[in-house]
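Residue-level structure breakdown
One letter stands for each residue in the lines below.
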Amino acid sequence: MTLVLLVGGLVVALVLVGLFVFGLRRRLIQRSGGTFDCSLRWDVPEGGDPSGKGWVYGVARYSGDRIEWFRVFSYAPRPRRLLERSAIEVVARRKPAGEEELALLSDAIVLGCTHRGVRLELAMSEDALTGFLAWLEAAPPGQRVNVA
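Residues numbered from 1 in each chain as written. Predicted model: local features only at pLDDT ≥ 70, side-chain atom pairs only at ≥ 80, totals over all residues. Heavy atoms only, no water.

**Topic: the nonpolar core**
To keep things clear, this is the line we draw: To form a nonpolar core, buried Ala, Val, Leu, Ile, Met, Phe, Trp, Tyr and Cys residues must be joined to one another through side-chain atoms within 4.5 Å. Only protein chains enter the area calculation, which uses a 1.4 Å probe; residues under 20% of their type maximum are buried, those over 50% are exposed, and those in between are partly exposed. Only runs of H or I of at least four residues qualify as helices and only runs of E of at least two qualify as strands under DSSP, and these elements are numbered from the N terminus. By the convention used here, residues are in contact when the closest approach between their heavy atoms is within 4.5 Å.
Counting 21 residues, the largest nonpolar core has F36, L122, M124 and F132 as its most contacted members. Of all elements in the fold, only β4 (66–71), β6 (88–94), β7 (109–115), β8 (118–124) and α3 (126–137) reach the threshold of two or more residues within this core. The contact partners of F132, leaving out residues within four places of it in the chain, are F36, Y62, I67, I88, L111, L122 and M124. Membership of the second largest hydrophobic core comes to five residues, among which are W55, L104, A108 and V110.

**Comments concerning the side chain of R41**
Put simply, the test is: For the purposes of these results, a polar contact is taken to be a pair of N or O atoms within 3.5 Å, where, inside protein, one atom must be able to donate a hydrogen and its partner to accept one; residues adjacent in sequence count only when each atom of the pair is a side-chain atom.
Within the element layout of this structure, R41 appears in strand β2 (residues 39–42). Here the side chain of R41 touches K53 through a polar contact of 3.1 Å, landing on its backbone oxygen. Only 2.7 Å separates the side chain of R41 from the side chain of E100, close enough to count as a polar contact.

**Some remarks on the sheet that holds β4**
In plain terms, the rule: Note: two strands are recorded as paired if DSSP finds a minimum of 2 bridges between them. Angles shown run from 0 to 180 degrees and are taken between the N-to-C directions of axes, each axis being a line fitted to C-alpha atoms and, for helices, limited to the stretch in contact.
The sheet built from four strands is open, its strands ordered β1-β3-β4-β5 with antiparallel pairing. The sheet is open, and its two borders are formed by β1 (35–37) and β5 (81–84), each paired with just one other strand. In this sheet, neighbouring strand axes are inclined to one another by 25 degrees on average, regardless of whether the strands run parallel or antiparallel. Where α3 meets the sheet, its contacts fall on β1, β3 (58–63), β4 and β5, and the angle it forms with β3 comes to roughly 35 degrees.

**Digging into the environment of R81**
Counting through the fold element by element, R81 comes out in strand β5. Here R81 falls in the partly exposed class, since its relative accessible area comes to 25%. With sequence-adjacent residues up to four places away left out, R81 is seen in contact with L40, W42, I67, E68 and W69.

**Some details on the environment of E100**
In this fold, E100 is placed in helix α2 (residues 100–103). Classification of E100 by relative accessible area gives buried; the value is 0%. Spatially, the C-alpha atom of E100 lies 7.7 Å from that of K53, the residues being 47 residues apart in sequence.

In structure tokens:
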């Protein structure tokens, strides 16, 4: 009986430590400011995919002339994707359709983009979208910016 309680207590402690580390990691990512919730779908087929598959929930952070994108459910201290401002081309904007509405946050807007020849989609709130588009258009003189 004592062994069962000890193992059970250890499992609960490990779960609590895991949750604490998730929270601490997110706090460290957001500490420098300029972050927003942003779901990402990488390498999207040409016609799009309304099935809702492939979306990964994350946090994006502005860092100079690039955006660092972190998965929310990860322990990795480094960003999963780096998007350079000069390589981002916005090609479409739309509301979530079909099963995507279940996979994304309720107020999300989907932005279709290309980055170095890879098609991707970003889903974010209207406020985050306004900030993202302003950041894209605020590129230093001489840099090419493509916003549809």
